[in-house]
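Summary of structural features
The primary structure of each chain is shown beneath.
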Amino acid sequence: MRRSDFRYALPKRLIAQAPLAERAASRLLVLDDRGATHRQFTDLVDLLRPGDLLVLNDTRVVKARLFGTKDTGGKAEILVERMESDCEALCQVRVSKPLKPGRTVSVGGAAVLVVARCGAFYRLRFPGDLGDFLEAHGDVPLPPYVERPAGPEDAARYQTVYADRPGAVAAPTAGLHFDDALLQAIGERGVRIVRVTLHVGAGTFQPVRTEDVSRHRMHEERFDVPVETACALNARRGRVVAVGTTGVRTLETWLDADGRVRSGPGTTALFIVPGYRFRAVDALVTNFHLPESTLIMLVAAFAGYDRVMDAYREAVAREYRFFSYGDAMFCERDGEASP
């Protein structure tokens with residue numbers, strides 16, 4: 001397949017720059033064998049069935065963007081990609097000239113040490129506990145298409161209400177639409193809610209740079225599947241409904257040869273494109289994704305290439321809000337996923 005197969009025209013005005021006043025007030029495009037229908041996100045309760053399993057990603061976004069000054073006096077912008085230990089992280093660093101090991105960047109009056117260069121990233125060592133340092137000196141790492149500085153409201157709204165395990169530098173945005181009342185209503189319908197953790201890295205915004213999609217390589221992300229979640233998935237009677245592409249990639253990665261979901265930690269660099277055979281997930285709640293991105297490719301693989309691209313064009317025509325703070329889709333799995 002070609003990258004350009006996943007191109008669609010999107011007016012800039014449809015890129016949501018801020019969240020709605022109420023989380024669950026978003027619109028919901030429902031995509032199934034009958035085509036696209038248009039609902040409200042609160043209607044998800046009616047789309048789920050007793051016995052279904054709703055899989056949430058409970059990662060918590062850390063304040064991963066830092067601004068500092070190099071020991072030579074130049075400015076530096078640091079974006080944590082992945083927390084490696086209590087005091088070290090793999091980071092993107094925006095500087096005028098590459099940093100060498102042994103140099104430092106001053107952030108909040110403290111020295112951050114450059115340990116090594118790792119391809120496009122730097123391994124940095126922070127003074128003291130990394131989580132505490134980011135909380136004290138960092139900013140919420142809003143996506144590059146949100147063209148404004150992070151504000152106080154983003155600390156809460158660029159976070160799911162069930163966020164629990166710190167480590168993500170980008171939100172699992174399909175989960176941003178859920179509030180406590182909606183989750184309660186879903187549980188009362190007889191849907192079991194379970195959790196996985198995948199710490200979303202900044203590489204989620206990495207563009208596909210090759211026209212030949214097969215040559216693209218995904219960034220690696222860490223996940224964990226609790227024993228309770230694996231047991232529930234392996235004993236399920238209803239559908240598995242993943243909230244977000246992160247949940248899909250976690251579950252599809254962590255199946256054994258018999259099709260059972262394993263428990264425990266792991267990593268994934270799974271790149272899903274049309275033609276992929278899904279085994280773990282039956283339905284998907286997801287946001288609208290960037291043209292030519294790995295995320296729209298996954299959704300097209302899941303719900304059918306033609307159906308998804310047609311649905312995106314219809315969403316544009318009906319002026320849905322796009323991307324992280326935008327509206328959502330509910331997709332049922334399709335058997336035919338090729339263009």
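The model shown is predicted, which means the values in this text are computed figures rather than measured ones. (Residues numbered from 1 in each chain as written. Predicted model: local features only at pLDDT ≥ 70, side-chain atom pairs only at ≥ 80, totals over all residues. Heavy atoms only, no water.)

Moving on to the sheet that holds strand S9 (residues 110-118). Read around the closed barrel, six strands run S5-S6-S7-S10-S9-S8, paired in antiparallel fashion. Taking each pair of neighbouring strands and ignoring which way they run, the sheet shows an average axis angle of 45 degrees. The pairing of strand S5 (residues 65-70) with strand S6 (residues 75-83) spans five bridges and is classified as antiparallel. Bridge pairing links Arg65 to Leu79 in S6. Sitting on the sheet, helix H2 (residues 130-137) is in contact with S5, S6, strand S7 (88-94), strand S8 (104-107) and S9, with an inclination near 85 degrees to S5. (Pairing = 2+ DSSP bridges. Helix = DSSP H or I, 4+ residues; strand = E, 2+ residues; numbered from the N terminus. Axes fitted to C-alpha atoms, helices over the stretch in contact; angles between N-to-C directions. Contact = heavy atoms within 4.5 Å.)

On to the nonpolar core, then. Counting 66 residues, the largest nonpolar core has Tyr158, Leu251 and Phe322 as the members making the most contacts within it. Here this core gets eight residues from one element, more than from any other, and that element is helix H7 (residues 294-303). Core analysis: the second largest hydrophobic core is formed by 25 residues, Cys91, Val93, Val114 and Leu130 among them. (Core = buried A, V, L, I, M, F, W, Y, C linked by side-chain atoms within 4.5 Å. Buried < 20%, exposed > 50% of the residue type's maximum accessible area, 1.4 Å probe, protein only.)

What follows deals with the packing of aromatic side chains. Overall, the coordinates contain 15 aromatic pairs when judged by the stated rule. Between Tyr8 and Phe322 the ring centres are 6.0 Å apart and the planes differ by 35 degrees, which places this aromatic pair in the tilted class. With Tyr8 in the segment before strand S1 (27-32) and Phe322 in the loop between helix H8 (305-317) and strand S17 (328-332), the pair connects residues that are 314 residues apart, well separated along the chain. Of the residues examined, Tyr8 reaches a relative accessible area of 7% and is grouped as buried. Relative accessible area serves as the criterion here: at 0%, Phe322 is assigned to the buried category. Considering the side-chain rings of Phe278 and Phe302, the 5.0 Å spacing of their centres and the 85 degrees angle between planes classify their relative orientation as edge-to-face. Of the two residues, Phe278 sits in the loop between strand S15 (264-268) and strand S16 (283-287) while Phe302 sits in helix H7, which places them 24 residues apart along the sequence. We note that Phe278, like Phe302, is buried. The residue whose ring lies beneath Arg27 is Tyr320, and the NZ or CZ to ring-centre distance is 3.9 Å. (Phe/Tyr/Trp six-rings, centres within 6.5 Å; stacked < 30°, edge-to-face > 60°. Lys NZ or Arg CZ within 6 Å of the ring centre and 35° of its normal.)

This structure, assessed with the given rule, holds 30 salt bridges. Note that Arg192 and Glu228 form a salt bridge whose closest N and O atoms lie 3.5 Å from each other. With Arg192 in strand S12 (residues 192-198) and Glu228 in helix H5 (residues 227-234), this residue pair connects regions lying 36 residues apart in the sequence. What makes Arg192 partly exposed here is its relative accessible area of 41%. Its salt-bridge partner being Arg333, residue Asp282 comes within 3.8 Å of it at the nearest N-O pair. In this pair, Asp282 is assigned in the loop between S15 and S16 and Arg333 in the segment after S17, connecting sequence segments 51 residues apart. With a relative accessible area of 23%, Asp282 lands in the partly exposed category. Overlapping salt bridges, with partners in common, bring together Arg82, Glu84, Glu88, Arg123, Arg125 and Arg222 in one network. (Salt bridge = Lys/Arg side-chain N within 4 Å of Asp/Glu carboxyl O.)

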